[in-house]
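# A look at the structure
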Amino acid sequence: MAASKDAAVNKPDPAQAADKPNTAKATAKSKGIAVLEGLLGKESAPVIPMPGRKVEPPKKAGWQPKWLKKLRWRHAIIGASFLGLVAVPATLASLYMAFIAADQYHSTASFAVRSIEGGVSSDILGMFTQASGGSTVSDSYILMDYILSERMAADADRRFKLEDVYATRGLDYFYGIGSDLPIEDKLAYWRDMVKVSFDHASGIMQVTVKAFEPAQAQEIAQFIVDQSDNLVNSLSLSARNDVLRAAQDEVLAGEARLSKARAGLRDYRDKSQEISPEEGAKLAVQLIGGLEGELTKLNADLATAKSQMSEDTPRIRVLKTRIESLEQQLAVERQRLGAGEKGTSAADDPNAPDVAGRIAEFEELETEREFAERAYTAALGSLEKARIDANNRQRYLALFIEPTLSQMAQYPSRLLNAFIVTLGLLFAWGVGVMSYYNIRDRA
């Protein structure tokens, strides 16, 4: 009974008997694929046992994590470059900013270049917010260039000795200045320590000076303000002189011309011994009229005497003599007045011209004098107007924030500088790595 049960149990199931041929076929196919892979050189292909040959099992490799298997030499180089080019320099820069960089203090001053042109504002705020002309804007830009110029750096070096003021503090060789530097290097350092900003809308200029001591920063800022004030005053005086120079030249020319005209008129009066030839001409006309009247009366008396007496009587001879004398005197006076030709004596004497010539000469001199006086008066008016305009357009430096004295160090910006250095190094390193992979993918 037990044997029959075992036989029944060990008896294969019809379904299992049907699957055996399929399993045998699959096994034979797997062996064929394995043989083919072995012929192709695949590492995973099994070794086919040969008759009379002992097959050794393959050696197993040591255990390694998957990330270590995928790691290659280029990955190690990239990681080393990150440490050498980003991590280490950024750490050193942060340590330098935290423990070595010296404190710096700043002093700030604000001012503007203003003009007196136009009406004066009623309040102090309006004086600083009034619209400035193009000339003051150009003067402001000139002042900016002057503050950052080599001349200002040289003047500040002579006054404060920049190598002493900005000498190296401790181990901070980055922010300190060296010794025995040329003026070009001092100018570059000066432009790092002095910053100038200009607001075109309001015309306000702000100067910020940095130094290792707050008092030194304030002194340098005050020196810049004083030098800027001197420059603005010099520019204003030069512009004023340019405006007045032309008007002053006109006044001098008019004054010289008027003096010459007056001197000529004075010489004429000294020569003619009369104030005005016109008055002399009036007297000459009156004299000629009187002589003609007297001559007419004598001619009438002569005619009457001839009708009553003979020609040889003394009365008639006296009347004729008087008539001849009057006629000669009348001819001389008429020649002096300009009627007829000059006599011999008048022609020989160049200093005794006739009345008409004297009047013409006098009128010419008088006209020249009047014109010179008018030109001189106009030149004086132009000079006064130019002086008023020059005074109204005068520039000045309006200082409304005097140089400040710091109580706390504002520079250097340690966290910001360290962050900027780290970010810059990281950016440069990233660009290098991306360039490498780009070239590798295209190769």
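Rules behind the numbers
Residues numbered from 1 in each chain as written. Predicted model: local features only at pLDDT ≥ 70, side-chain atom pairs only at ≥ 80, totals over all residues. Heavy atoms only, no water. Helix = DSSP H or I, 4+ residues; strand = E, 2+ residues; numbered from the N terminus. Buried < 20%, exposed > 50% of the residue type's maximum accessible area, 1.4 Å probe, protein only. Contact = heavy atoms within 4.5 Å. Core = buried A, V, L, I, M, F, W, Y, C linked by side-chain atoms within 4.5 Å. UniProt positions renumbered as here; feature names shortened; annotations may be inferred. Pairing = 2+ DSSP bridges. Axes fitted to C-alpha atoms, helices over the stretch in contact; angles between N-to-C directions. Parallel < 35°, antiparallel > 145°, perpendicular 65-115°, else oblique. Left-handed = near helix turned anticlockwise from the far one by under 90°. Nonpolar A, V, L, I, M, F, W, Y, C, P; charged D, E, K, R; others polar.

Moving on, we come to the overall build of the protein. A count of helical and extended segments in the protein gives 15 helices and 4 strands. Counting over 443 residues, the protein shows a buried share of 28%. Long-range contacts, defined as pairs at least 24 residues apart, comprise 77% of the intrachain contacts of the protein with a sequence gap of at least 6.

We now examine the nonpolar core. Among the nonpolar cores identified, the biggest contains 40 residues, and Leu 143, Ile 147, Tyr 166, Trp 190 and Ile 224 are the most heavily contacted of them. When residues of this core are traced back to their parent elements, those giving at least two are strand E1 (105–115), helix H6 (134–147), helix H7 (150–160), helix H8 (162–165), helix H9 (183–193), strand E2 (194–199), strand E3 (204–211) and helix H10 (214–272). Examining the composition of this core, we find that 8 residues originate from one element, H10, more than from any other. What Ile 147 contacts, discounting residues up to four positions off in sequence, is Phe 111, Met 152, Trp 190, Val 194, Val 196, Met 205, Val 207, Ile 224 and Ser 228. Listed in part, the 11 residues of the second largest apolar core include Ile 288, Leu 291, Leu 326 and Leu 330.

Quick look at the side chain of Gln 104 now. Looking at where Gln 104 falls in the secondary structure, it is placed in the loop between helix H4 (73–100) and E1. In this structure Gln 104 comes out as buried when scored by relative accessible area, which is 2%.

With numbering matched to this structure, UniProt assigns "transmembrane region" (unreviewed entry) to residues 76–99 and 415–437. The span residues 76–99 is 100% helical and 0% strand by assignment, and the distance between its end C-alpha atoms comes to 33 Å. Here residues 415–437 runs as 100% helix and 0% strand, with 33 Å between its end C-alpha atoms.

Let's shift gears to the sheet that holds E2. Pairing within the open sheet is antiparallel, and its 4 strands lie in the order E2-E3-E1-E4. Edge positions in the open sheet fall to E2 and strand E4 (395–401), since each of these has one partner strand only. Within this sheet the neighbouring strands show an average axis-to-axis angle of 25°, counted without direction. Packed onto the sheet, H9 meets E2 and E3 and runs at close to 55° relative to E2. Set on the sheet, H10 makes contact with E1, E2, E3 and E4; between it and E1 the angle comes to about 15°.

Our focus in this paragraph is the packing of H7 against H10. It is at 11 Å that the axes of H7 and H10 come closest, and there the two elements cross at 130°. The angle between the axes of H7 and H10 places the two elements in the oblique class. The way H7 lies across H10 gives a crossing that is right-handed. Each of Met 152, Asp 155, Ala 156, Arg 159 and Phe 160 in H7 lies in contact with H10, whose residues at this interface are Glu 219, Ile 220, Phe 223, Ile 224 and Gln 227. Split into classes, the residues belonging to the contact of H7 with H10 amount to 6 nonpolar, 1 polar and 3 charged.

A few words now on H7. Where H7 is concerned, the buried positions are Met 152, Ala 153, Ala 154, Asp 155, Ala 156, Asp 157 and Phe 160. At the exit of H7 stands Lys 161, carrying a positive phi of roughly 60°.

With 11 of its 11 residues buried, E1 lies for the most part within the structure. Of the two faces of E1, the one holding Tyr 105, Ser 107, Ala 109, Phe 111, Val 113 and Ser 115 and the one holding His 106, Thr 108, Ser 110, Ala 112 and Arg 114 are both buried throughout. One ladder, built from 8 bridges, connects E1 with E3; its direction is antiparallel. Pairing of Phe 111 across the sheet is with Met 205, part of E3. Looking at chain direction, E1 and E4 are connected through 6 bridges and run antiparallel. Among the inter-strand pairings, Ser 115 is bridged to a residue of E4, identified as Arg 395.

Looking at where His 200 falls in the secondary structure, it is placed in the loop between E2 and E3. Residue class for His 200 comes out partly exposed when judged on its relative accessible area of 49%. In this structure the C-alpha to C-alpha distance between His 200 and Ser 140, which are 60 residues apart in sequence, comes to 9.3 Å. Setting aside residues up to four positions removed in sequence, His 200 forms contacts with Val 137 and Tyr 141.

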